[in-house]
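Here is what each chain is made of, one letter per residue.
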Amino acid sequence: MSHSQVVVIGAGVGGLATAVRLAARGNAVTVLEASDEVGGKLAEHVEAGHRFDRGPSLFTMPELMEELDALVPQDLPGRPAPFRYKTLDRSTHYFWEDEEEPLIAWTDTQRMATDMEQRWGVKAQTVMDHLKGSKDAFDLTRGVFLERSLHERSTYRTGAAWRLLSRIWQLPLLGTMAQLNRRKLRHPKLAQFFNRYATYNGSDPHRAPAMLHVIPHLEHGIGTFLPEEGMRAIPLHLAGLAQSLGVQILTQSPADRILHDGTQVTGVLDKHGVEHPADLVVSNADLHPTYRHLLPDRKSPERILKQERSTSGVIFYWGVRGTHEDLGLHNILFSKDYQAEFASIAQTGSPGEDPTVYINITSKELPKDAPDGHENWFVLMNVSADPSQWGEEAVATLRRQVLAKIQRTLGVRPDIVCEQVLTPGTIESMTGSWRGALYGASSNSTAAAFLRHRNRSTDLRGLYFCGGSVHPGGGIPLCLLGARIVDELAHQDQ
Ligand SMILES: Cc1cc2nc3c(=O)[nH]c(=O)nc-3n(C[C@H](O)[C@H](O)[C@H](O)COP(=O)(O)OP(=O)(O)OC[C@H]3O[C@@H](n4cnc5c(N)ncnc54)[C@H](O)[C@@H]3O)c2cc1C
């Protein structure tokens, strides 16, 4: 087996995981990162003693991090200690304006289902059956849709593909996620609870296919977790593993052009004019700038590039004086009319007067993330991926609507001691994510999974793609699975 000279463009979680895998096989790997630090969307902000994870807050499928750890010998000099994380006893505290107490989504699903029965009168068994449906759909599809390239013939000759075909009638293939949840659960709040999972890949439950019902299993079947040093520890750990394997990570080194001889990649030219020779190039940059800026002389896949983007977010990072007993690590303050909220996002870009508000407070689990007597609130609202809509005035309006929503639902006005804001425009400028989308293309159609860009180029030999804008999609677990797919394809090609 020959070894390659590899350049990975981008040190997001997908790029770093790919670098670890390719280096563990003995390839010589360089990572070019445009910004001055690794991690992409998994960045960090510290202000007045409050530490905030700037992007993702929910950590699922930790076994994928363990898999990467296992690739690097324990006694390798400079190797970081194994990745450490906590297993949580609950995922989220859910609030509705007209309900006295929050609903706690316990990891113990029977307990959660019993609480739901007592609260809403829907049989606990109905909830358990719905979760079982999610597990079955996840187990049946993961081997094809998540763990392999959908674009390689070999995928359809695997045992997983045959199993999927033979039991395809068991999958929720018809209708939208919202229709499935309404039909199965027959209670608007319970349906809203399950509809929320469409937002885990930036989609609208009223348009996304019922197949997205695989997502609840990640949280309720596999569980929710938290890295002991916060989410930022994920890219730092991956960078540490990569460096111990000899990967060279060059920050402030934006790639400018992918070089090729017409059929095979030959390297990457960076913005400083330095050429990095390579026979294998992996782009972890968003697919849009990859084609538009890095490969301007190649034909681009217009149909894929024109796909609707996933939602973006406006996020307020608030240092808050005081502690709030009802709130947990993850909190959702639901809007009264979810469908109207998503319609408003589609039409105006904004969730409107009654937004669903997500509040993440890591200091609940990691006390050193905020000074004594304070909390670090990460407050996210779904908005459309359109930077042009989010100027100062629009942000100020949303801020007023969010504070009013918090007041109506929790009966408090947070005592904010420091503040920072992230908008679709700043997400785009900081990470290169086209239009500031959080998860690449949306999954608002049945075809979306098949329209995600392939992981291996059919145009240029030696060119591969990973990260949230390509197959299998956005979110940390999928980006880590994408890295595994790229590594396997590249290995087959060597
Ligand atoms: C606010 C927010 C909340 C989120 N919440 C969650 C969550 O709770 N759970 C979850 O699993 N996921 C969540 N996500 C999604 C998740 O963060 C992403 O899907 C994932 O981090 C994307 O990783 P990636 O590998 O695609 O790289 P990215 O994070 O997109 O990073 C790409 C990297 O490439 C670099 N780059 C771009 N162009 C170039 C170039 N030309 N040269 C060199 N470098 C370049 C960028 O600087 C960047 O560092 C959230 C995202 C955001 C923004």
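Residues numbered from 1 in each chain as written. Predicted model: local features only at pLDDT ≥ 70, side-chain atom pairs only at ≥ 80, totals over all residues.

In this section: the overall build of the protein. The helix and strand tally for the protein stands at 16 helices and 19 strands. Taken against the 2.2 N^0.38 rule, which gives 23 Å for 494 residues, the C-alpha radius of gyration of the protein at 22 Å falls within 12% of a compact globule. In terms of its C-alpha atoms, the protein occupies a principal-axis envelope of roughly 65 × 55 × 45 Å. For the protein, the residues scored as buried account for 50% of the 494 residues in total. (Helix = DSSP H or I, 4+ residues; strand = E, 2+ residues; numbered from the N terminus. Rg over C-alpha atoms; globule rule 2.2 N^0.38 Å. Buried ≥ 20, exposed ≤ 12 C-beta atoms within 10 Å, placed from the backbone.)

This brings us to the pairing of strand 16 (residues 357-361). Of all five residues in strand 16, five are buried, a share of seventy percent or more. Across the two faces of strand 16 the burial is the same, with V357, I359 and I361 and Y358 and N360 all buried. With four bridges connecting them, strand 15 (residues 330-333) and strand 16 associate as antiparallel partners. Opposite L333, over in strand 16, you have V357 as the bridge partner. With four bridges joining them, strand 16 and strand 17 (residues 374-383) adopt antiparallel strand pairing. Each bridged residue has a counterpart across the sheet, and for Y358 the counterpart in strand 17 is L380. (Pairing = 2+ DSSP bridges.)

Moving on, we come to the domain arrangement of the protein. In terms of domains, the protein is made up of domain 1 (5-42 + 62-84 + 229-306 + 447-493) and domain 2 (133-219). On the side of domain 2, 10 residues touch domain 1, which itself brings 14 residues to the contact. When contributions to the side of domain 1 that touches domain 2 are tallied by element, the ones reaching two or more residues are helix 15 (448-451) and helix 16 (476-493). For the side of domain 1 that touches domain 2, the element with the highest residue contribution is helix 16, accounting for four residues. When grouped by side-chain class, the residues that make up the side of domain 1 that touches domain 2 number seven nonpolar, five polar and two charged. (Domains from an automatic or database assignment. Contact = placed C-beta atoms within 7 Å. Nonpolar A, V, L, I, M, F, W, Y, C, P; charged D, E, K, R; others polar.)

With that out of the way, let us pick up the environment of E365. Locating E365 in the fold gives a position in the loop between strand 16 and strand 17. On the neighbour-count criterion, E365 (14 C-beta atoms within 10 Å) is partly exposed. As a C-alpha pair, E365 and V122 span 243 residues in sequence and 32 Å in three-dimensional space. Excluding its chain neighbours within four sequence positions, the residues that come into contact with E365 are K86, L226 and L329.

On to the nonpolar core. Counting residues in each nonpolar core, the largest one holds 95 residues, and the members touching the most others are L16, A19, V20, L238, A242, V281 and V379. With nine residues, the top contributor of residues to this core is helix 16. When residues of this core are sorted by domain, at least three fall in each of domain 1 (5-42 + 62-84 + 229-306 + 447-493) and domain 2 (133-219). Among the nonpolar cores identified, the runner-up in size contains 25 residues, and L103, A191, V214 and L218 belong to it. (Core = buried A, V, L, I, M, F, W, Y, C linked by C-beta atoms within 7 Å.)

Bringing the site of the ligand into the picture now. As a matter of local geometry, the ligand sits amid 38 residues, with G10, G12, G14, G40 and G467 nearest to it. Elements with a minimum of two residues in the shell around the ligand: helix 1 (13-24), strand 14 (312-321), helix 14 (424-431) and helix 16. The class makeup of the residues in the shell around the ligand is 19 nonpolar, 17 polar and two charged. (Near = placed C-beta within 6 Å.)

Right, let's talk about the sheet that holds strand 17 for a bit. Strand pairing within a sheet occurs via backbone hydrogen bonds; the two strands may be parallel or antiparallel. Taken in spatial order, the seven strands line up as 7-6-15-16-17-14-18 in an open sheet, and their pairing is mixed. Of all strands in the sheet, those with a lone pairing partner are strand 7 (103-106) and strand 18 (415-422), marking the two edges. Between one strand axis and the next, the sheet turns through 20 degrees on average, direction left out of account. Sheet topology note: the strand 6 (residues 90-95)/strand 15 ladder contains four bridges and is parallel. Paired with Y94 across the bridge in strand 15 is I332. (Axes fitted to C-alpha atoms, helices over the stretch in contact; angles between N-to-C directions.)

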